[in-house]
Each structure stands twice: as C-alpha cells, then as structure tokens.
Amino acid sequence: MTVSTNTLTRSDKPDLATIKRAPKVLLHDHLDGGLRTQTLIELADAAGYRGLPQGDAGALSRYFHEAAFSGSLVRYLEVYDHTVAVLQTAEALRRVAREAVVDLADDGVVYAELRYAPELSLRGGLSLDEAQEAILVGLAEGEREAAAAGKTIIARSLVCAMRQANLSLEVAQLAVRFRERGVVGFDIAGPEDGFPPARHLAAFEHLRKANVPFTIHAGEAYGPPSIKEAVAVCGTNRIGHGVRIIEDIKIADLDDLSTAELGLTAHTLRDRRIGLELCPTSNVQTGAVGSLAEHPVKTLLRLGFRATLNTDSRLLGDAGPSEEIHRCVQALGLTLEDVRKLTVNAARCAFVHYPERKKLIEEVIVPGYDALARWGEGPTRVM
C-alpha cells in the first residue's frame, strides 16, 4: 500500500520512499558483508586476488545474490572468502569502512555500529591494532564525507573475535584499548553450533572488568540453549540474531498474544531488556526461519521484547536498511509505529553512553517520525 507521506498515521504501512526518509539505527552489520561490488573488484585487482567468480560488477552482484539465496550454507559462506581475501591492507579496510558509512547515511541511517574481526586481516602483515586503527580512520572519514553531503551519521566500531579461533582474549584486550577511540563494544561471531560462547569466558571477564559492553551471536544456528548460555554464563548485553528465542515461547493464537507462554530464557531476555539484533533476510538465507512471512520480529516486538531490525550482510542480503525494513512491511504488515518502536529499541540498545542515546532518541528519532506522520492518537510516546 502506498500512502502519501503527509497523511500517514501510526497504523499505516509505510512505502519504501517513506522508510528511506525515516531515521534508522543499525546495530548488526558486518563490514566484510557490505562491500560495494565495484570496490571488491578494484581491491581484488590491487591485491592480485584472482579468485572472484566474475569480473563485472553487475555479474558479481548476481552471483552473490544467487549464492546467498541458494539455500546452501556452503555457497553462502563462500562470499566471505572473497571479501576477506581483499581486506588485508590498511587502505582496503579504511576504504570499505568509509564507503559503508557513506552508503548507510545515504539510506537514512543516523547511528550505526559496524562490526569486523581484525584477526581476519593479518595475512599480509597487519597487526590487530593496525587493522582496527584503519577501520576507525575509515569510519571517521565516512562521517565527514556524509556531513559534507548534508547527512548526519554517527558510526562506531564493534570488534569481533571468531569463536572457532583462540584469539578472543587478545581481541577483547584490543576492544578495551580502543574503547575511547571509536570502539563501543565487542562481539563473538563465527559458527555457533559446536563452538559455545562459554569457551571464551576469559574474554568476557576481561571486558566486564573494564566496563566494555558486548554482544554474542546466539540463537541463529543453534536454539534457546545457546541464548541461555550467552546470557546466564557469559553475561552478554545483547544477542546477535536471537531469532530462535521464539522456540521458547508457546502462542496458541497469533492474533491474541495474551495467550503467549514464555519459557525462562525468553522471560529473562524480556525482563532484563536484552536487545535482540534480528536480521530477517539473513535469518531466511541461513535457514533460521523458513520465510520472511514466518519471521517473529513483529511478534517479539508486540510481546515487549527489545527487538531491533538489522541487515547483517548488505552484500549478501542485496538490501540496505530501508529495503530490509520494507521487505518486513510487505511480508509481515509492519506499521510505521512498529518501525518507529524498532528504531527506538535499537537506540536504547546502542553501546554509546546514555546522554548520546537520549539525544539520539529525543532530538533525531522522535522528531523524524513525527515529521513523517500525522500522529492522530495524541503525543508520541517513547517505549
């Protein structure tokens, strides 16, 4: 349904043009999954990397799209082999970070946490610190480039460690060193099944002692027990994905959510206001859910979970944040009010300090959505 932006109300379903105008917050987006295809080609050429399956940007985009939507996890993960292969120099990391910020600002994102594992960029002689420094330089350059174009965005870095490797403590120490220089937190990523987060307790303990927040990929390839471990054992502040928490909730009637019966892990997430970094397109691609129409983001939001909506991998998902939201509007019937709540949730879950979160909500997000709509039901209420 297309509705003129000057007659929208809370209950209307926004079109793509309206979503693009709305201020957005992005918490779960991997730098190595968001390269421009032309940039990937140019970086591969500069690095002498000959492994790309296509040399034309259009053809390469189609290849990635087909791989991502193939239903094959092997083909899906092949894409990261190509992107990581070209991210082995400071200049490449800097460029990709800068372009990511510019692209997100162009799509209406006002705050973004971009994540990457610097341990993946050590093949050419970079150190962990050098790789992270290059990313931060690129993020700052992207902010300035966006500002010159009249767009305001705050871009921060999440430092990832790979859960199948053994560098998590060193990477956690890196996050602490760079805490006041643009790194806002830590993440543990990589294959979830078979590599439980508790293997990295030393890293999480180091972060807690230094008051550095962290998120953990959980509840995607593995179910609620993975989420429980991330919360109860590791003490995570947010859950990366977390979509399978729906398996800990029994709902007799989706049209009557008062029938919902929550298990203890689901209760804990909701009670503690632990953010869920939901990534609908990615969750479908990796088989965590069967289709967008089955994705529980709307259900979790309306049950009062601190649900947020993210892209995960813009290259593989073939979508920026606005298109990701629009897909959910079409598949799930999200309203403009739903999108606003998801955005406020994300701002509340951001790893920047409280005054910055408060300012983002009160001075950017709420006025932005008020400007888009005729809030006929009375004053806007921040949930």
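Residues numbered from 1 in each chain as written. Predicted model: local features only at pLDDT ≥ 70, side-chain atom pairs only at ≥ 80, totals over all residues. Heavy atoms only, no water.

**Some remarks on the overall build of the chain**
Looking only at helices and strands, the chain has 16 helices and ten strands in total. Relative to the globule expectation of 21 Å for 383 residues, the C-alpha radius of gyration of the chain, 20 Å, shows essentially globular dimensions. Expressed along its principal axes, the backbone C-alpha trace of the chain runs to roughly 60 × 45 × 40 Å. When each of the 383 residues of the chain is scored for burial, the buried share is 56%. Summarising the internal contacts of the chain: among those between residues at least 6 apart in sequence, 74% fall at separations of at least 24. Summed over all atoms, the accessible surface of the chain reaches about 15400 Å², with 50% contributed by carbon and sulfur. Positive and negative side-chain charges of the chain, numbering 44 and 51 respectively, have mean locations separated by a distance of 4 Å. (Helix = DSSP H or I, 4+ residues; strand = E, 2+ residues; numbered from the N terminus. Rg over C-alpha atoms; globule rule 2.2 N^0.38 Å. Buried < 20%, exposed > 50% of the residue type's maximum accessible area, 1.4 Å probe, protein only. Contact = heavy atoms within 4.5 Å. Areas by Shrake-Rupley, 256 points an atom, 1.4 Å probe, with all protein chains shown as cover. Lys, Arg positive; Asp, Glu negative; His and termini not counted. Charge placed at Lys NZ, Arg CZ, Asp CG, Glu CD.)

**Observations concerning the nonpolar core**
The tendency in soluble globular proteins is for nonpolar side chains to be buried side by side. Val25, Leu87, Phe186, Ile239, Leu269 and Phe305 are the most contacted members of the largest nonpolar core, which has 116 residues in total. Broken down by element, the residue count for this core peaks at eight residues, all from helix α5 (residues 90–106). Not counting residues up to four positions away in its chain, the partners in contact with Leu87 are Asp32, Leu35, Leu43, Ala92, Leu93, Val96, Tyr116 and Ser121. (Core = buried A, V, L, I, M, F, W, Y, C linked by side-chain atoms within 4.5 Å.)

**Focus on the pattern of salt bridges**
Applying the stated criterion across every chain yields a total of 23 salt bridges. With its nearest N and O atoms 3.0 Å apart, the salt bridge here joins Arg115 to Asp187. With Arg115 in strand β2 (residues 109–116) and Asp187 in strand β4 (residues 183–189), this residue pair connects regions lying 72 residues apart in the sequence. Judged by relative accessible area, which is 0%, Arg115 ranks as buried. A salt bridge links Glu323 to Arg327, with the shortest nitrogen-to-oxygen separation between them at 3.4 Å. Separated by four residues within a single helix, Glu323 and Arg327 lie in helix α14 (residues 321–332), roughly one turn from each other. Residue Arg327 is classed as buried on the basis of its relative accessible area, which comes to 16%. Each member of the salt-bridge network shares a partner with another, and the members are Arg36, Glu42, Arg95, Glu99 and Asp103. (Salt bridge = Lys/Arg side-chain N within 4 Å of Asp/Glu carboxyl O.)

**Regarding the packing of helix α7 (residues 168–177) against helix α8 (residues 201–209)**
The geometry of α7 relative to α8 is characterised by a closest axis approach of 8 Å and an angle of 15 degrees between their N-to-C directions. The orientation of α7 with respect to α8, classified from their angle, is roughly parallel. The way α7 lies across α8 gives a crossing that is right-handed. Contact residues: Ser168, Leu169, Ala172, Gln173, Ala175 and Val176 in α7; Ala202, Ala203, His206 and Leu207 in α8. (Axes fitted to C-alpha atoms, helices over the stretch in contact; angles between N-to-C directions. Parallel < 35°, antiparallel > 145°, perpendicular 65-115°, else oblique. Left-handed = near helix turned anticlockwise from the far one by under 90°.)

**Focus: the pairing of β2**
Along β2, eight of the eight residues are buried, which leaves the element largely enclosed by surrounding structure. In this sheet, β2 lies alongside strand β1 (residues 24–30) in parallel orientation, the contact comprising five bridges. Bridged to His30 within β2 is Arg115. Bridging between β2 and strand β3 (residues 154–162) involves six bridges; their strand directions are parallel. The residue of β3 that forms the bridge with Glu113 is Arg156. Note that the unit made of β2, helix α6 (residues 128–148) and β3 has a crossover that is right-handed. (Pairing = 2+ DSSP bridges. Right-handed = clockwise from strand over helix to strand, strands pointing away.)

**Examining the pairing of β3**
A large share of β3 lies buried, amounting to seven of its nine residues. With six bridges connecting them, β3 and β4 associate as parallel partners. By the bridge assignment for β4, Leu158 is matched with Gly185. In this region the chain leaves β3, passes through α7 and returns to the parallel neighbour β4; the handedness of that crossover is right-handed.

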